[in-house]
Amino acid sequence: MSMLHIVNKSPYERNSLAAAVGHMTDGDTLLLIEDGVYAAVKGAAAAGSLEGKTVSVLGADLAARGIGVDKLVDGVSVVDYGGFVDLVEATDKSQSWL
Amino acid sequence: MKLTIQVNEGPYQHQSSDTAYHFTKAALEKGHEIFRVFFYHDGVNNGTRLTTPPQDDRNVVKRWSELAAEHDLDLVICVAAAQRRGIVDDGEAERNGKDATNIAPGFRISGLGQLIEGGIQSDRLVVFGD
Amino acid sequence: MSDIKKFMYVNRRAPYGTIYAWESLEVVLIGAAFEQDVSLAFIDDGVYQLTKGQDTSGIDMKNFSPTYSALGDYEVNKIYVEKESLEERGLTLDDLQHLVWEDEDDDWAEKDSIRLVSRAEMADVLAEQDILFNF
């Protein structure tokens, strides 16, 4: 059983990223959407929280916020909305950390 | 995959309704079934037909109505949340003595049981909120 | 194969500052009629929902905290409270309402509904569920 943890808020605004990461178990995936994508920026304070996690980021939200994919932490997958749907299908359930 | 989508926030204030819409559309394009889209909390405000958004930006309400029409979607607005926030259809207007209705095409007002049923009948529930 | 799903209602917000706590409870109450395997989780600020002594007369809002003690009557008796969330907020179980249910299979013995779990245990509890509601 694997879970998709969805985080939609900036880690600097809300504790939802910390809450998500604190409750992930092996095999789970973290998906960053909306303002949550800021967590994936290389060299920023929150980037360390992603270490060792399987992370995807919604490309449309990166582009909207002017974050180039070259600015991202290594190892993060960029997905589109179709990829988001695929992640929901590939995991058993989703937990939206609002 | 059969999906129920829960939308917790209203149009424009939060990105949730937009993300839920794009997700739902992508799921349909991939051939998945949308069992229901359930609007709760301020999400009920996605169901008012009285918005006049600026011409150069997306029309969140209309977009949901059009998607519903195109794909025969079940867009359900929670009755208790709607009563609190003033989203009214003919039935609610009559029951509660309101002199107007404002529900947008493609939406219907119903109970929380519809969300629960969505959870029971679907393979996945995805929640979009603040 | 059982038709019954494991439903969990995840609560992470304080009461009154926003409506999420109350409207989440409304889902739980309606959902109780559907005879699924229901649990509640209180994580982060959600633990504040269960505190004793809420007096809303000054803010003129409905005090819905008595509703938690009725959950046992709705057969909602698996209430997971996260230990670290309490500790971070300087709270202990004593600060929370004592929520109970009556076990008809045990001569109606009164039992505690609240299960205090660590963050790691809560992660496992979440992983066991079929459906996770968030508000």
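Everything below is about the structure shown above.
In what follows, the accompanying structure is described. The residue count restarts for each chain, going from 1 along the sequence in the order it is written. Chain letters start at A and ligand numbers start at 1, both assigned in the order the entries are written. Only residues with pLDDT of at least 70 get local features here, since the model is predicted, and only at 80 or more are side-chain atom pairs given and counted; chain-wide, interface and lining totals rely on the full set of residues.

To continue, consider the overall build of chain B. Strands are runs of DSSP state E lasting at least two residues, helices are runs of H or I lasting at least four, and both sets are numbered from the N terminus onward. Scanning chain B from N- to C-terminus turns up five helices and five strands. Order of helices (α) and strands (β) in chain B, N terminus to C terminus: β-α-β-α-β-α-α-β-α-β. The globule rule puts the C-alpha radius of gyration for 130 residues at 14 Å, and the 14 Å found for chain B is close to it. Taken along the three principal axes of its C-alpha coordinates, chain B extends 40 × 40 × 25 Å. Counting other C-beta atoms within 10 Å of each residue's C-beta, where C-beta atoms are placed from the backbone, gives the exposure class: buried for 20 or more, exposed for 12 or fewer, partly exposed between. Across the 130 residues of chain B, 52% fall into the buried class. Each residue is represented by a C-beta atom placed from its backbone, and any two residues with such atoms within 7 Å are regarded as in contact. Sequence separation of 24 or more characterises 75% of the internal contacts of chain B that already satisfy a separation of 6 or more. Throughout, radius of gyration means the C-alpha value; the globule benchmark is 2.2 Å times the number of residues raised to the power 0.38.

All right, on to the overall build of chain C then. A tally of regular secondary structure across chain C gives four helices and seven strands. Put simply, chain C runs from its N terminus to its C terminus through helices and strands in the order β-α-β-α-β-α-β-β-β-α-β. The C-alpha atoms of chain C give 15 Å as radius of gyration, which agrees with the globular expectation for 135 residues (14 Å, within 12%). Over its C-alpha atoms, taken along the principal directions, chain C stretches across nearly 50 × 30 × 25 Å. Taking all 135 residues of chain C together, the buried fraction comes to 36%.

Packed helices, taken two at a time, are described by the angle between their axes plus the distance between the axes. Residue and element names in this part refer to chain B. As a packed pair, helix α1 (residues 16-29) and helix α2 (residues 60-71) sit with axes 11 Å apart at the nearest point and diverge in direction by 20 degrees. In terms of orientation, α1 lies roughly parallel with respect to α2. The element α1 and its partner α2 pack so that their crossing is left-handed. Facing Ser17, Asp18, Tyr21, Thr24, Lys25 and Leu28 of α1, the residues of α2 in contact are Val60, Arg63, Trp64, Leu67 and His71. By the convention adopted, Pro, Cys, Tyr, Trp, Phe, Met, Ile, Leu, Val and Ala count as nonpolar, Lys, Arg, Asp and Glu as charged, and the other residues, Gly among them, as polar. Along the lines of polarity and charge, the residues of the contact of α1 with α2 split into five nonpolar, three polar and three charged. Under this scheme, a helix contributes an axis fitted over its contacting stretch, all axes are lines through C-alpha atoms, and angles between N-to-C directions fall in the 0 to 180 degree range. Roughly parallel refers to an angle under 35 degrees, roughly antiparallel to one over 145, roughly perpendicular to one between 65 and 115, and oblique to any angle outside these ranges. By convention the crossing between two helices is left-handed if the near helix lies anticlockwise of the far one by an angle smaller than a right angle, and right-handed if it lies clockwise.

Before going further, it helps to spend a moment on the interface of chain A and chain C. In this complex, chain A contributes 12 residues to the contact, which on the side of chain C involves 14 residues. For the side of chain A that touches chain C, the leading source of residues is strand β5 (residues 93-97) of chain A, giving three residues. Of the residues that constitute the side of chain A that touches chain C, the class distribution is five nonpolar, six polar and one charged.

Attention shifts here to the interface of chain C and chain B. Contact residues are listed per partner, giving 15 residues for chain C and 15 residues for chain B. Of all elements in the fold, only α1 (20-31) and β7 (131-134) of chain C reach the threshold of two or more residues within the side of chain C that touches chain B. Top element by residues in the side of chain C that touches chain B is α1(C). It accounts for six residues. For the side of chain C that touches chain B, a count of residues per class yields nine nonpolar, three polar and three charged.

Residues and elements named next belong to chain A. If you trace the five strands from one edge of the open sheet to the other, you get β4-β3-β2-β1-β5, paired in parallel fashion. With one partner strand each, in any of the chains shown, β4 (77-79) and β5 form the two edges of the open sheet. With direction set aside, neighbouring strand axes in the sheet form an average angle of 25 degrees. Between any two strands, pairing holds if DSSP finds at least two bridges. Relative to strand β2 (residues 29-32), strand β1 (residues 3-7) runs parallel, the two being bridged by four bridges. For Leu4, the partnering residue across the bridge sits in β2 and is Thr29.

Our next topic: the sheet that holds strand β3 (residues 75-78) of chain B. Residues and elements named next belong to chain B. The strand order across the open sheet formed by five strands is β4-β3-β2-β1-β5, and the pairing between neighbours is parallel. Strand pairing shows two members of the sheet lacking a second neighbour, β4 (107-110) and β5 (124-128), which therefore form its edges. Across this sheet, the average inter-strand angle for adjacent strands is 25 degrees, counted without regard to direction. Bridge count for strand β1 (residues 2-7) against β5 is five bridges, and the pairing is parallel. Residue Val7 lies in a different strand from β5, and its bridge partner there is Phe128. Where helix α5 (residues 113-121) meets the sheet, it contacts β1, β2 (33-39), β3, β4 and β5, and its direction lies at approximately 150 degrees from that of β2.

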